[in-house]
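Structural features, examined
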Amino acid sequence: MLQDRRILLIISGGIAAYKSLELIRRLRERGAAVRCIMTAAAEHFVTPLSVASLSEDKVYTDLWSLTDESEMGHIRLSREADLVVVAPASADLIARMATGLADDLATTALLASDKPVLIAPTMNLMMWAHPATQANLATIEARGVKRIGPGSGELACGEVGSGRMAEPLEIVVAIERILAGAARLAEKRALVTSGPTREPIDPVRYISNHSSGKQGHAIAAALAALGADTVLVSGPTQEPSPAGVRVVPVETAAEMLAACEAVLPVDVAVMAAAVADWRVETATGHKLKKDIGAPPVLRLAENPDILASIAQRGNDRPALVIGFAAETENVVENARRKRLRKQCDWILANDVSPGTDTFGGDRNTVHLVDADGIEAWPVMTKREVADRLAERIAQHLGVSCPRGS
Ligand code: C5P
């Protein structure tokens, strides 16, 4: 399955760089073409000569090499691969990826790449556990970067704990899975809504809710990772835009509905936004003043139900329309009723009762309700929920599962 696939391997500075040499061998013996970039720090651990010999290709190290730029160019270097693998991925390189730096060839190629990225981190256990590293990882993973490891065990620094780079064969398996999955939804178009909506009261005030957009953004990232042409219509959130996804920013429910309709036709629509149920009927064009005597009375009007209107469209109804139901009690029963009322195909019912930490948190407790019944999913991270949902969508749309995933 790796025959003639093109891997761009970025080797950063870490004692585990010696394992990258074996990774190159394993990839080459499976027929993959491996082109390597080494950071300056990596050259302290393995030599460009070893890397070039094993990859049977030129090794790229310098952003400013006139010869390299005229022969290849860093943009082509990043685009000509099917997959970018960073192994080892040091704390420093992960931090530079999170910040979007382009201060050497490795980070420039990563920034210019539109291909899936897999990282195999390795570092001292305290560096790994440091909130800065964990925040950087969360940032790049939210953008769609995949990660393998690190594992636990004895580290080169003599300490024992989390920080060992995954073994070369484990990385090969992860590469095979990503490449097998990457094209599964290649012919499909997906629409995802995410985040809250903001309904203006006047030019400076609005009605909104606590939705973080984490689940919706993760779903868009997961669908894009399977190759779907994905549009994410999102209310205001702090979440980074997922890689390979076209983001349409909106504020109000009315704007969200119009943006969704403009994206049709699609094969699948996943409505994960927390759309405000009401808007202020007549938002004023000027800031409301306190000195008008009595406090203002806001008359509310009902917002359009985006999920229901997409699910009830005629010719251009998506083949699969999926809604969410945030519930605090009778989670499944309410979701079942909501599915019928809105006429969507699946509802992901999530328990948002106090203590579940679903709103704004990283975990989600989900039941999938469809015409056949209910499926209870274990408590998972929002990213895991997104991956599982994307997998189910691919199966439903008749795209068969790759071997080994
Ligand atoms: O009716 P309720 O808000 O509980 O339904 C939740 C589901 O409906 C979510 O999928 C949400 O994105 C969608 N929804 C919508 N437009 C609305 C209200 C909810 O698309 N106005």
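Residues numbered from 1 in each chain as written. Predicted model: local features only at pLDDT ≥ 70, side-chain atom pairs only at ≥ 80, totals over all residues. Heavy atoms only, no water.

As far as domains go, the protein chain holds domain 1 (6-181) and domain 2 (189-396). On a C-alpha basis, the centres of domain 1 and domain 2 stand 35 Å from each other. Here domain 1 meets domain 2 over a buried area of about 650 Å², counting both sides, of which 49% is carbon and sulfur. Where domain 1 meets domain 2, there are two salt bridges. The interface formed by domain 1 and domain 2 includes one residue pair in polar contact (both at pLDDT 80 or more). In terms of residue count, helix α8 (residues 131-142) provides more of the side of domain 1 that touches domain 2 than any other element does, four residues in total. Of the residues contributing to the side of domain 1 that touches domain 2, the split by class is two nonpolar, two polar and three charged. (Domains from an automatic or database assignment. Buried area = accessible area lost by both parts, 1.4 Å probe. Salt bridge = Lys/Arg side-chain N within 4 Å of Asp/Glu carboxyl O. Polar contact = N/O pair within 3.5 Å; in protein donor to acceptor, adjacent residues only side chain to side chain. Helix = DSSP H or I, 4+ residues; strand = E, 2+ residues; numbered from the N terminus. Nonpolar A, V, L, I, M, F, W, Y, C, P; charged D, E, K, R; others polar.)

Before going further, it helps to spend a moment on the side chain of T39. By secondary structure assignment, the location of T39 is in the loop between β2 (33-38) and α2 (48-55). Residue classification places T39 among the buried residues on the basis of a relative accessible area of 4%. (Buried < 20%, exposed > 50% of the residue type's maximum accessible area, 1.4 Å probe, protein only.)

With that settled, consider the sheet that holds strand β6 (residues 146-147). Here we have six strands laid out as an open sheet, ordered β3-β2-β1-β4-β5-β6, and parallel in their pairing. Of all strands in the sheet, those bounded by a partner on one side alone are β3 (59-60) and β6. In terms of strand pairing, strand β5 (residues 117-121) meets β6 through two bridges, oriented parallel. Looking across to β6, one finds that L118 is bridged to K146. (Pairing = 2+ DSSP bridges.)

All chains considered together, the criterion is met by zero aromatic pairs. Taking the ring centre of Y60 as reference, the NZ or CZ of K58 above it sits at 5.7 Å. Positioned over the ring face of W346 is R392, at 5.4 Å from the centre of the ring. (Phe/Tyr/Trp six-rings, centres within 6.5 Å; stacked < 30°, edge-to-face > 60°. Lys NZ or Arg CZ within 6 Å of the ring centre and 35° of its normal.)

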